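Residue-level listing of the chains:
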Amino acid sequence: MALLHPPTTHLAVAERKQADREAKLKSFAGYRCLVPANALNVIPYLDQNLTDKDRVILCCDATAIADVVRRRVDTSVDVLKAFVKAAIAAQDTTNCLSEVCFEEAFARAKELDERLEETGEVVGPLHGVPISIKDHIKVKGLDTSAGYSAWAYQNIANDDALVVKILRNAGAIIYVKTQNPQTLLSLETNNNIFGRTSNPFNRNLTAGGSSGGEGALIACGGSPLGVGTDIGGSIRVPAGHCGLYGLKGSVARLPHSGLVGSHDGMDAIIGCVGPMATSARDLALFCRVMLAAEPWLDEPPLLEMPWKENVARNHGLPERLSIAILYDDGVVKPHPPITQTLNKYKNALENAGHDVIMWEPLDHQKGWDLIAKLYLLDGGAEYHETIRIGGEWEVPQTEWMLDHARGRRPYMPHEIFRLNAEREAFRANALAHWNSTKYRTTTGRPVDAILCPVAPTLAPPHDTTSWWGYTSHWNLLDLPGVVFPVGQYSAASFTEEASDLLSSRNAVEEFIAQQWNPNTYDNAPISLQLVGRRHNEERLLAILAVIEQVVPPAGSDFPNRRVFRGVNGHYHKSTDSPATH
């Protein structure tokens, strides 16, 4: 990416960016959130500036918000005000925001309310819904530093990314952009412009990356629906670490033009745009809105694949599912709370009459070695150069990732061709492996989905993420994955079972095994990941709905979760799935 001029110094850029953000927040000084410096779980402090009406609004998911605004139970301005208050509290406690455009958002909310009052019609299915956007996705008029000091103030967007255009046309209100890490190629959100984003359930732990700002914001109740991107786990890991729903779809379905990041034009492994939310039905709502806009008419790489609403509503799904469970990818065994949760789901699914088999891991270490090469075809040269121009240094997780290619020369064209061929052979072998499960299921069909961890640990301590294999593997295969919350870990109530964590197969597994301490992860969310067939996002969400009927969502474990407004303005706990709306 060409720079108009290099920044003066990294520290000057960071100071200016933070001052600009603070100046915009000062206009809303009454909404600031005060938290003791030693508070780890900040969730109990987040409602100190909220009215009863705000609290009710913040207990709605995006689907419910669109409904109550359409029925004029609440105005767009009222809804936005509640989420602005919560977003400021989230920023004050987790450092999750990058850019703020509250004034413009309130002007848009007012326009939407006036239009609804005058015409009786909504602009679209997201009329009045506040939606947050990951920093490196272009929003017209806002900076797009993408975690690089060198890019700060160099990328004021002249236009919206396609995903943002579609959201605006559907009536959504864009009001904040959220933090992402230096280089974006990281599963922890930390950069030298704004600093580190922390997990609101335990600030000693990471919120994940690279969509970690989104994860922290939504977990604090500061957004009902956010847009992230994923090239190795960057939606699913933050969603998992923060107790949210997150969807990584197949690359060729959802629009991903209008993003700013390193390696523009690299197509060996392509990142995809996807939603993060507090309900599964909001994931379906996002996809439905995106594909109803026919983005393939504006973005050439996309396939013409309209949203199959009948499939999302469970049409054609077998009454008896075949689910494979991946307990251990053969490289790093997960920590005990994750294994115990998988056992809980295995028993529940079997007791409900579903067919469950063990997924035999296929070359996860080989897959990681391959995808790491595909991430860094140039040996990390562009990352190193952009960091150098910005006068900054590699934050720890950047250093860890770039060490995978440090000292290696860039691959030559013939070597890239060979790596691409290896990728396709890997995908073909994995597809045959999936198809072969029909010989092990009692249904006689290949498994419908794979249930697996999001990571080998719950949200880990800062700067310690060291294995991406439970998410990046599915990026390599371009398979859709949905992450969903299943509970919240409590050190006080945890019962240790026999574990073989001390028997390590490699240095990475040994390090992660030694990390296990029941007290380290106190209050961290527990989440699982469900992986489906390529281009089958609707079916994947329908399968999730069935699983959540077997084991209801752990809504009571999290504040501001899954409390949806019912008919006539009444509120009730809900376990409604995408298939029921």
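This text follows the structure it describes.
Residues numbered from 1 in each chain as written. Predicted model: local features only at pLDDT ≥ 70, side-chain atom pairs only at ≥ 80, totals over all residues. Heavy atoms only, no water.

### Comments concerning the layout of surface pockets
In this structure, the largest pocket encloses a volume near 690 Å³. Together, 31 residues line the largest pocket, and Ile-231, Ser-262, Asp-264, Ile-270 and Gly-271 are the ones closest to its centre. Residue classes in the lining of the largest pocket are distributed as 13 nonpolar, 13 polar and 5 charged. Its boundaries defined by the atoms lining it, the second largest pocket holds a volume of some 260 Å³. The wall of the second largest pocket is formed by 16 residues, among which Arg-427, Ala-430, Leu-431, Leu-477 and Leu-479 lie closest to the centre. Where the lining of the second largest pocket is concerned, the elements lending two or more residues are α15 (413-435) and α16 (469-477). Counting residues per element, the lining of the second largest pocket draws most heavily on α15, which supplies 6 residues. Split by residue class, the lining of the second largest pocket holds 9 nonpolar, 4 polar and 3 charged. (1 Å grid on protein atoms, 1.4 Å probe; cavity = no way out; pocket = protein on both sides within 12 Å on 5 of 7 lines; lining within 4 Å. Points joined across faces, edges and corners; volume = space filled by probe spheres on them. Nonpolar A, V, L, I, M, F, W, Y, C, P; charged D, E, K, R; others polar. Helix = DSSP H or I, 4+ residues; strand = E, 2+ residues; numbered from the N terminus.)

### What about the sheet that holds strand β3 (residues 173-178)?
The 11 strands lie next to each other as β1-β3-β2-β8-β10-β9-β14-β15-β13-β11-β12, forming an open sheet whose pairing is mixed. Among the strands making up the open sheet, the edge pair consists of β1 (97-100) and β12 (355-358). With strand direction ignored, the average angle separating the axes of adjacent strands in the sheet is 25°. Set on the sheet, helix α4 (residues 76-94) makes contact with β1, β2 (130-134) and β3; between it and β3 the angle comes to about 5°. (Pairing = 2+ DSSP bridges. Axes fitted to C-alpha atoms, helices over the stretch in contact; angles between N-to-C directions. Contact = heavy atoms within 4.5 Å.)

### Section: helix α13 (residues 381-389)
Along an α-helix, a turn takes 3.6 residues, which lines up residues three or four apart on a common side. By the burial criterion, the buried members of α13 are Tyr-383, Thr-386 and Ile-387. All buried residues of α13 project into a common sector of 100° when viewed along the axis, lining one side. Packed against the buried residues of α13 are α14 (396-402). Following α13 by one or two positions, Gly-391 adopts a phi angle in the positive range, close to 65°. (Buried < 20%, exposed > 50% of the residue type's maximum accessible area, 1.4 Å probe, protein only. Arc of directions from axis to C-beta.)

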